[in-house]
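Residue-level structural notes
Here's the letter readout for the chains.
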Amino acid sequence: MPTVVVMDVSLSMTRPVSIEGSEEYQRKHLAAHGLTMLFEHMATNYKLEFTALVVFSSLWELMVPFTRDYNTLQVVLVTDGCLGIGRGSLRHSLATHNQRSENNRFPLPFPFPSKLYIMCMANLEELQSTDSLECLERLIDLNNGEGQIFTIDGPLCLKNVQSMFGKLIDLAYTPFHAVLKCGHLTADVQVFPRPEPFVVDEEIDPIPKVINTDLEIVGFIDIADISSPPVLSRHLVLPIALNKEGDEVGTGITDDNEDENSANQIAGKIPNFCVLLHGSLKVEGMVAIVQLGPEWHGMLYSQADSKKKSNLMMSLFEPGPEPLPWLGKMAQLGPISDAKENPYGEDDNKSPFPLQPKNKRSYAQNVTVWIKPSGLQTDVQKILRNARKLPEKTQTFYKELNRLRKAALAFGFLDLLKGVADMLERECTLLPDTAHPDAAFQLTHAAQQLKLASTGTSEYAAYDQNITPLHTDFSGSSTDRM
């Protein structure tokens, strides 16, 4: 997740901080020290991370812009917690944020998914002596509660600032290292960006699921069979080279500059299963199914950034035994050698996928869909056309009427039933003198039944209950022959 660092450089950040046995520091010096620590950590462990730096006081200036556009950001606000005085101050802005116009609205909540981390160049006691902590907590709440406030433990000094930024790094910037396994072959890898915990259902299963650090490949499948499946997130899988002592040498990421550091040069000479897997998937046109956790899978595949450059990617499926319905249950997939006959044929000219569902799906049945107003208008006009041809079209009239009734009940569109009932009553009054007497009886009967169904009571609004034609004593009517 890309990071926007917003640093407060207002006058209050120039307040001196006395550190025993050293020169005098200002709070902005402590902030710069902490940010240097954060940026150095990113340079070492998050080489693909994009970061923007913004400084602000009464005005703001973008010091280091992004080189790409992003939908999701991580915002780090560095401040001393002073809220300011008068119009334009944070205290005044929070007090009036609901009264602002659309052209001058408060920036929170951000118009994009984000997390807001506030790094205070002050200790907790200092913030609690005023309403600063409460106002900063309101900033987190306005951002949908996504974020956290960090304060300095103890006196303000370089060591304690490092400790505070270390907590942020541990929470949000710890690289995700894992071991990729396939049989007896293994490789140490970094998954970037770090996979976020996923909650399947907040009511049924509120415990967040996290992927295993052991990523075991359970099989391979053709790209054509897996197609373009729905995924939760996509990640780069980067090889990590380790020396004999087990210390990390490099992530296998090469720079465009000719002067590569020695660590990456060493890493490039060490055989790695991750590189072998990437090349094999690319040449064979296949993906690897990887076990992420209990009943949770993903896929590894080669994705090309350009004609000459490609990367090993991992996409996470939704947790569950059957994340891709056309493949069936993941636990029931097996090697071709276990099948009595080759499911791909002797010449590999067919595929066993997609699997045919045992039950007929709803989209394969004749259902009523009203995506556009024209669809609903067509169904109503069909009923009215048949109504004007009663009693000859009695059977067709009630068939279309019941189809509309079921759809309206399923959608909770009870007002539609009353509206159609009013139309049928109006058609009854417009019948010519030459019309068959049975037509008026059928229209009145159908209108009454629709009005009863529009009340929503279980007695008259049962979904499986159909409106049947009214039996009359008129000879020659269609109802006598049904």
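A brief structural summary. These figures come from a predicted structure and were not determined experimentally.

1. So, the packing of helix α1 (residues 27-45) against helix α5 (residues 158-172)
Two elements in contact, α1 and α5, have axes separated by 9 Å at closest approach and are oriented at 40 degrees. Considering their axes alone, α1 and α5 lie oblique with respect to each other. Helix-helix and strand crossings are classified by hand; for α1 and α5 the assignment is right-handed. Taken together, the residues of α5 that come into contact with α1 (itself represented by Leu30, Ala31, His33, Gly34, Leu35, Met37, Leu38 and His41) are Leu158, Val161, Gln162, Phe165, Gly166, Leu168 and Ile169. Considered class by class, the residues forming the contact of α1 with α5 number 10 nonpolar, five polar and no charged.

2. Looking at the nonpolar core
Ranked by size, the top nonpolar core spans 43 residues in total, and within it Val78, Phe165, Leu168 and Ile226 carry the most contacts. The greatest single-element share of this core, amounting to six residues, is contributed by α5. Leaving out residues up to four positions away in the same chain, Leu168 has contacts with Leu38, Val76, Tyr117, Met119, Phe150 and Tyr173.

3. Remarks on the side chain of Thr79
Of note, Thr79 is situated in strand β6 (residues 73-79). Residues in contact with Thr79, not counting those within four places in the same chain, are Asp8, Met13, Ile118, Met119, Cys120 and Met121.

4. A few points about the pairing of strand β10 (residues 185-192)
Sheet topology places strand β9 (residues 176-182) next to β10; seven bridges connect them, and they run antiparallel. Looking at the pairing, Phe176 lines up with Val191 of β10. Here β10 pairs with strand β12 (residues 233-239) via four bridges, running antiparallel. Looking at β12, one finds that Val189 is bridged to Pro239.

5. Structural notes on the environment of Ser280
Inspection of the secondary structure assignment puts Ser280 in helix α8 (residues 273-284). Judged by relative accessible area, which is 34%, Ser280 ranks as partly exposed. Here the side chain of Ser280 touches Leu276 through a polar contact of 2.8 Å, landing on its backbone oxygen.

6. Topic: the pattern of salt bridges
Taken as a whole and judged by the stated rule, the model has 13 salt bridges. A salt bridge links Asp214 to Lys181; its shortest N-O distance comes to 3.6 Å. Pair noted here: Asp214 is in strand β11 (residues 214-222) and Lys181 is in strand β9, with a separation of 33 residues, a long-range link. Of the residues examined, Asp214 reaches a relative accessible area of 38% and is grouped as partly exposed. Close ionic contact of Lys418 with Asp422 constitutes a salt bridge, the shortest N to O distance being 3.6 Å. Linking Lys418 with Asp422, this pair stays in helix α11 (residues 414-429), spanning four residues, or about one helical turn. Using a relative accessible area of 34% as the deciding quantity, one classes Asp422 as partly exposed. Three or more residues are tied together by salt bridges with common partners; here these are Arg15, Arg27, Asp80 and Glu126.

7. Focus: unusual backbone geometry
Here the amide bond leading from Phe192 into Pro193 is cis, since omega sits at -5 degrees, within 30 degrees of zero. Mapping Pro193 onto the fold places it in the loop between β10 and β11. Cis geometry marks the peptide bond from Leu390 to Pro391; its omega dihedral reads 5 degrees. Positive phi, normally seen in glycine, also occurs at Asn144, with a value near 65 degrees.

Here is what the cut-offs are and how they apply
Residues numbered from 1 in each chain as written. Predicted model: local features only at pLDDT ≥ 70, side-chain atom pairs only at ≥ 80, totals over all residues. Heavy atoms only, no water. Axes fitted to C-alpha atoms, helices over the stretch in contact; angles between N-to-C directions. Helix = DSSP H or I, 4+ residues; strand = E, 2+ residues; numbered from the N terminus. Parallel < 35°, antiparallel > 145°, perpendicular 65-115°, else oblique. Left-handed = near helix turned anticlockwise from the far one by under 90°. Contact = heavy atoms within 4.5 Å. Nonpolar A, V, L, I, M, F, W, Y, C, P; charged D, E, K, R; others polar. Core = buried A, V, L, I, M, F, W, Y, C linked by side-chain atoms within 4.5 Å. Buried < 20%, exposed > 50% of the residue type's maximum accessible area, 1.4 Å probe, protein only. Pairing = 2+ DSSP bridges. Polar contact = N/O pair within 3.5 Å; in protein donor to acceptor, adjacent residues only side chain to side chain. Salt bridge = Lys/Arg side-chain N within 4 Å of Asp/Glu carboxyl O.

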